[in-house]
Amino acid sequence: MKTAKSGKVVRYNKWGYIFLIPFIVVYLLFQFIPLVTTIYNSFYENYRSGLTQIGPNFVGLANYKTIFTNGDMMQYAKNTLIMWVLGFIPQIIVSLLLASWFSNPSLRLKGQRFFKTVIYLPNLIMASAFAMLFFTLFSDGGPINSILIQLGILSQPFKFFSSATSSRVLVAFMNFLMWFGNTTILLMAGMMGIDTSLFEAAEVDGATSTQVFFRITMPLLRPILIYVVITSLIGGLQMFDVPQILTNGTGEPMRSTMTLIMYLNKHLFSKNYGLGGALSVVLFIITAILSFAVYNFSNKQD
Amino acid sequence: MNKKEKGLSVGARRAIAYVVLVFISILCLFWFYVLFINASRSNAELARGFTPIPSTNLLTNWINLSSGRAATVLPIWYGLFNSFLIAALSALFCTYFSTMTAYAIHVYDFKLRKFMFTFILMIMMIPTQVTALGFLQLIGKMKLEDSFIPLIVPSIAAPVTFFYMKQYMESALPLSLVEAARIDGSGEFRTFNSIVLPLMKPAIAVQAIFTFVTSWNNYFTPALIIKSDKKKTLPILIAQLRSTDWLNFDMGQVYMMIAFSILPVIVVYLVLSKFIVQGVAMGSVKG
Amino acid sequence: MKKKAISILLTAAMLGTMLTGCGGGGNTTAPDNASTPAPAADTNTNTDTSAPAADTNTDAAVDTADEGKVLNVYCWNDEFKRRVQAHYPGYEPDAADASKGLIGDITVQWNITPNDDNAYQNNLDETLLKQDSAAADDKIDIFLIEADYALKYVDSEYSMPLADLGVTDSDLGDQYQYTKDVVTDSNGVLKGASWQGCPGVLFYNREAAKEVLGTDDPDEVQTYVSDWNKFYETAATMADAGYDMVSTTNDTYRVYSNNVTSKWVDGTTIHIDDNIMKWVEDSKAMVDAGQTKTSDLWSDDWKRGFFPEGKVFCYFGPAWLVNFSMAADEAGSIGNMGGWGAATGPQGFFWGGTWICAATGTDNAATIKDIIMQLTANEDIMKDIVVDDDDFVNNKPAMEGMASGATMVKDENGNDVEYSSKILGGQNPLGMYCEGAGSIDLAYLSIYDQGCNEEFQAAMKNYFDGNATMDEALDLFYKAVIEKYPELTK
């Protein structure tokens, strides 16, 4: 591929810049300026008390010191990680399973189009509306509790939103429902790219489907799986709307479901550009490190 | 999981697959059913908690929402139009210009190419919330309040979509094709529009639906930017319905409004799903 | 080569979509803010279809010649708009555009931003801060506020003293004092006015009262709940009989927080009033004794007591709660059967209400003055509101007339009858409301009330649920408040 880029191509290269103009202009205007403002603000005391503006007063690294010394950030990072893992594990397992079925010609599943379409649908409901439905179903006197009581599993209603574990599981479950469809389609695309002659050869050799899956599919899928893990981790770092809405922004109980971005959002209430800015910069650095990991990985593939 | 299937016949595995698929489909569709039920119940019935049986107020809720008192304050048809306009234009701008950006990086070997690619990769990871405050200040300074521009134009710079397009091109767009077009005398811009874009259709469909849905469901930014009634989008109207005063507070209408808001996305999704489901797979086969 | 290309595509597809997927949440939709929908009792007749109150005996004789041509009104729902439309003389709605109307030759522009996600205040704040530099026709003229955050705006230079509009104290002499306390700044200057009163009482389940206390007579029931000691004694009795005293711990919160003897913030130090701490102790005891739950207001679990099988003895609330929010139109609900009774309860309190403020810099002072005068101080108009709308207005003579039976209302056959509430089993609760409205004393408001009250209840839920000790819950409260108001200290 690389060899094609020589000779004649060079004189067209100014077009590279021309085609980049829309992106660059819009990016600089709508994202870069706000970003620079954010970084700049992180060195200032700058917030709104009621309608009174406090600052900006230069405070050096004081905002960063606050963030790292009060210990909150570590707890919210931990929460974020736990909820991400709880959602990601079922997501990857179910997606792998479904993708392997969809891409397995010997199963000849009917209605694939229907199933492939349906698994995306939960993503179309607004997270806020989705959360409203969850509240209704999982309330103390709601249908989930009454079913569990009628089945004799519980003797009295379980308060789903008063326990750290169940709250986190519900957040993870919602995330799982909203995103496993994406993962499935992508994995499926990956599996369909595998040379089918490999499967046929394995079948001739008498390999079971389990052996095929672990010996052929998984190794060939490995690069994608690694991508899934890394990119989903970065996505997980940005986890916000589901726990925010499910806990009404409180991260209850005892902030066990508060994520990093929810914490950042707390500072938006007082327009706290200083602390919020510092938190943003820290988040940005973490994500930048992760994104470099992704970038280096993609380079290796070339 | 697959271990259990060891030695199972194709028929048995197929049966298991169907059972799991049906279960998962129910899990996915269940929420639409709950929404439908709630949209069919009156506010007072909703106070009783959830029941699995639809009630009789579906039409009443719809009439209240579309032509009752709410209609005079809740311009739902304007909302539908505005949401559609913003989401469709965002999707169009986002996919077209992201493809163009990806094309620039993919095809041309200019000096800053590597730098630009790394740069875009980096900014891809910045959470939206990080710059939300600065963004709003900026919109204020640019006097773009109550305008659709800040809701549509920023979608031109969408690093995530760009990255997807770029990677897709790696396998789906051989440079020889561009070369051939040049030999035929096609201008760079024309090559992009008439040769590259059609090739990218599946990828564009995938990203179009994502951008569309994200924009369609966005409440945060529009709520702070849009002020006049006729420019409001559906999520703002839902929020407005929920903060209505006591006499008119009606959860039945809220659920009906949510259902009304979701329906068009489902339609758009179903239309595009053919590309989404097949598109990714098609692309890989092509490569 | 082919394989490599495929794997790149796959990884790319993966990456791209995962990011879109997981990162897409950047645009937050609002949390369900149903816990604070704008409380506002309102018309139960459709005022839209009835003729605008042009027949009211006062004509809007305001000289608007030197006024600005646009009156910008900022609010979070259309309640005030409908109120103006139905009762303000001379207001004409714009048939083509619901967000516009006319008063004389002044265009009224309604700017409605919903409450969700604090969007209303965010929007109002940004616009107010630009008030100075805005063009005359873009300046805010009127904005509406709620009690929880009233002082944030009242105790600022962005709201105009009513005296500067030409509204005198004696003009508002018939209003209930607490409605003025809410909008009086720290220097004692009155900055707003409300047309409604929202005094609260205790609504009890008559069946439960008969079953457990042996009577459902309001005066008799009152003796069981006349102070907190008796209230909690009754709670124990109710629990023995299988009833929750109140639906959740949050039901009693307002009654305590309206009767504090100190402010939330002393200088810049967060201070918890003794009465608030008493709420914590009393509530914890109730939860531990199984006499109530800890659900949020407006949740399905909170609403369970609207129905007999929910087994809740009482709710605290104003008229709009029982009239509009307790599922009275649903067969089988207590309200539908006329099964509620009203008693004064242990202490007076209020819940809800909307206040009108004039923004500094307005060029429509005369019009604003007239709107405030007509809607909040004109006894005739306010009586119309009561009679038409089954509402509790902020006007002592009008309400006392209703309470005593001197002012009649129309029944469904158009006959004049004394006011009584079907939901309350034929009781006329207005005397009780009047008494409550007169007794509320709000001397200890601060600009931090909204944040403090919200965060305090949220933090204490952890303590009540046994997820935290009281100290841990208090620490969480301090932390959350300081996040919202960085200038405060513990």
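Keep in mind the model is a prediction, meaning the values are calculated, not measured.

Calculation notes
- Along each chain, residue indices are assigned from 1 in the same order as the chain's sequence is written.
- Key to labels: chains lettered from A, ligands numbered from 1, both in the order written.
- Local features in this predicted model are restricted to residues whose pLDDT is 70 or higher, and side-chain atom pairs enter the listing and the counts only when it is 80 or higher, whereas totals over whole chains, interfaces and linings include all residues.
- Think of it this way: any DSSP run of H or I at least four residues long counts as a helix, any run of E at least two long counts as a strand, and we number them from the N terminus.
- Here a residue counts as buried when 20 or more other C-beta atoms sit within 10 Å of its C-beta, as exposed when there are 12 or fewer, and as partly exposed otherwise, the C-beta atoms being derived from the backbone.
- By definition, residues are in contact whenever their C-beta atoms, placed on the basis of the backbone, come within 7 Å of each other.
- Residue-level confidence of the predictor, termed pLDDT, takes values from 0 up to 100.
- If DSSP finds at least two bridges between two strands, the strands pair.
- To obtain an axis, a line is fitted to C-alpha atoms, over the contacting stretch when the element is a helix, and the angle between two such axes runs from 0 to 180 degrees between their N-to-C directions.
- By convention, the crossing between two helices is left-handed when the near helix turns anticlockwise from the far helix through less than a right angle, and right-handed when the turn is clockwise.
- Gly falls in the polar group here, along with every residue not listed as nonpolar (Ala, Val, Leu, Ile, Met, Phe, Trp, Tyr, Cys, Pro) or charged (Asp, Glu, Lys, Arg).
- Orientation categories follow fixed angle ranges, with anything under 35 degrees roughly parallel, anything over 145 roughly antiparallel, 65 to 115 roughly perpendicular, and all other angles oblique.
- Domain start and end points were adopted from an automatic or database domain assignment.

K.L.:
Can you break down the overall build of chain A residue by residue, with the values?
P.N.:
What chain A contains, in helices and strands, is 12 helices and two strands. N-terminal to C-terminal, the α/β element order of chain A is α-β-β-α-α-α-α-α-α-α-α-α-α-α. Sorting the 302 residues of chain A into buried and exposed places 50% on the buried side. Excluding contacts between residues fewer than 6 apart, the proportion of contacts in chain A whose partners are at least 24 apart in sequence is 67%.

K.L.:
I'd like to hear about the overall build of chain B, residue by residue, with values.
P.N.:
Secondary structure summary: chain B contains 15 helices and zero strands in total. Residues counted as buried form 57% of the 287 residues belonging to chain B. Considering only contacts in chain B between residues 6 or more positions apart, those separated by 24 or more positions represent 76%.

K.L.:
Provide a residue-level description of the confidence of the model for chain A, including the pertinent values.
P.N.:
All names here are of chain A. Confidence in the prediction of chain A, expressed as mean pLDDT, is 83, and 89% of residues score 70 or more. At the low end of the mean pLDDT range in chain A sits helix α9 (residues 209-237), at 76; at the high end sits helix α3 (residues 72-102), at 91. Taken together, the stretch residues 1-7 has pLDDT below 50 and engages in six contacts with residues farther than four places along the chain or on a different chain.

K.L.:
An account of the pairing of strand β14 (residues 354-358) of chain C is requested, with residue identities and associated values reported.
P.N.:
Strand residues, when the strand is regular, have side chains that alternate between the two faces of the sheet. All names here are of chain C. Buried residues dominate β14, accounting for five of its five residues. On β14, burial covers both faces: T354, I356 and A358 on one face and W355 and C357 on the other are all buried. In terms of strand pairing, strand β5 (residues 142-146) meets β14 through five bridges, oriented antiparallel. When the bridges of β14 are listed, I145 appears paired with W355. Here strand β6 (residues 192-193) runs beside β14; their pairing, made up of two bridges, is antiparallel. Pairing of G192 across the sheet is with C357, part of β14.

K.L.:
Which residues make up the packing of helix α16 (residues 396-404) of chain C against helix α17 (residues 430-439) of chain C, and what values go with them?
P.N.:
All names here are of chain C. It is the contact of α16 with α17, at a shortest axis distance of 8 Å, that shows an interaxial angle of 145°. As α16 packs across α17, the resulting crossing turns out to be left-handed. Side by side, α16 and α17 meet where M399, E400, M402 and A403 of the first sit next to L430, G431 and C434 of the second. In terms of residue class, the contact of α16 with α17 is made up of five nonpolar, one polar and one charged.

K.L.:
Kindly report on the interface of chain B and chain A, identifying the contributing residues and their values.
P.N.:
Taken together, the contacts link 69 residues of chain B with 79 residues of chain A. Sorting the residues of the side of chain B that touches chain A by element identifies α1 (10-39), α5 (76-107), α6 (113-124), α7 (128-141), α10 (175-183) and α15 (251-286) of chain B as the ones contributing at least two each.

K.L.:
A description of the pairing of strand β1 (residues 44-49) of chain A should follow, citing residues and the corresponding values.
P.N.:
Residue and element names in this part refer to chain A. Examined bridge by bridge, β1 and strand β2 (residues 52-58) share five bridges and lie antiparallel to one another. From the neighbouring strand, R48 faces β2, where its bridge partner is Q53. In textbook terms, the turn of a hairpin is the stretch between consecutive antiparallel strands, and for β1 and β2 this stretch comprises two residues, one of which, G50, has a positive phi near 60°.

K.L.:
Got a sec to walk through the sheet that holds strand β1 (residues 70-75) of chain C? Specific residues and values, please.
P.N.:
Read across the sheet, seven strands follow the order β2-β3-β4-β1-β5-β14-β6 (chain C) without closing on themselves; strand pairing throughout is mixed. What marks the edges here is a single partner per strand, and that holds for β2 (91-93) and β6 of chain C.

K.L.:
Lay out unusual backbone geometry in plain terms, naming residues and giving numbers.
P.N.:
In this chain, E252 of chain A is followed by P253 of chain A through a cis amide linkage whose omega measures -10°. Turning to its location among the elements, P253 of chain A is positioned in the loop between α10 (241-246) and α11 (260-269).

K.L.:
Just give me the short version of the packing of helix α10 (residues 250-257) of chain C against helix α11 (residues 274-288) of chain C, but keep the residues and values in it.
P.N.:
Residue and element names in this part refer to chain C. The interhelical angle for the contact between α10 and α11, taken along N-to-C directions, is 155°, at an axis separation of 9 Å. Our classification of the angle between α10 and α11 gives roughly antiparallel. Between α10 and α11 lies a crossing whose hand is right-handed. Contacts from T252, Y253, Y256 and S257 in α10 reach N275, I276, K278, W279 and S283 in α11.

K.L.:
Requested: an account of the domain arrangement of chain B, with residues and values cited.
P.N.:
By a widespread convention, an interface's size corresponds to the accessible area lost as its parts come together. Residues and elements named next belong to chain B. Looking at the assigned domains, one finds that chain B contains domain 1 (2-58) and domain 2 (69-286). Each partner contributes residues to the interface: domain 1 has nine residues there, and domain 2 has seven residues. Listing elements by their share of the side of domain 1 that touches domain 2, those giving two or more residues are α1 and α2 (43-47). Considering every element that reaches the side of domain 1 that touches domain 2, the biggest residue donor is α1, with four residues.

K.L.:
Explain the confidence of the model for chain B to me, using residue names and the numbers behind them.
P.N.:
Residue and element names in this part refer to chain B. The share of residues in chain B with pLDDT of 70 or more is 89%, and the mean pLDDT across the chain is 82. Per-element confidence in chain B is highest for helix α8 (residues 149-152), whose mean pLDDT is 94, and lowest for helix α4 (residues 69-73), whose mean pLDDT is 56. Segment residues 1-6 is flagged for pLDDT under 50; beyond a separation of four residues in sequence, or across chains, it makes 12 contacts in the model. The ipTM value of the predicted complex is 0.84, and its pTM value is 0.85.

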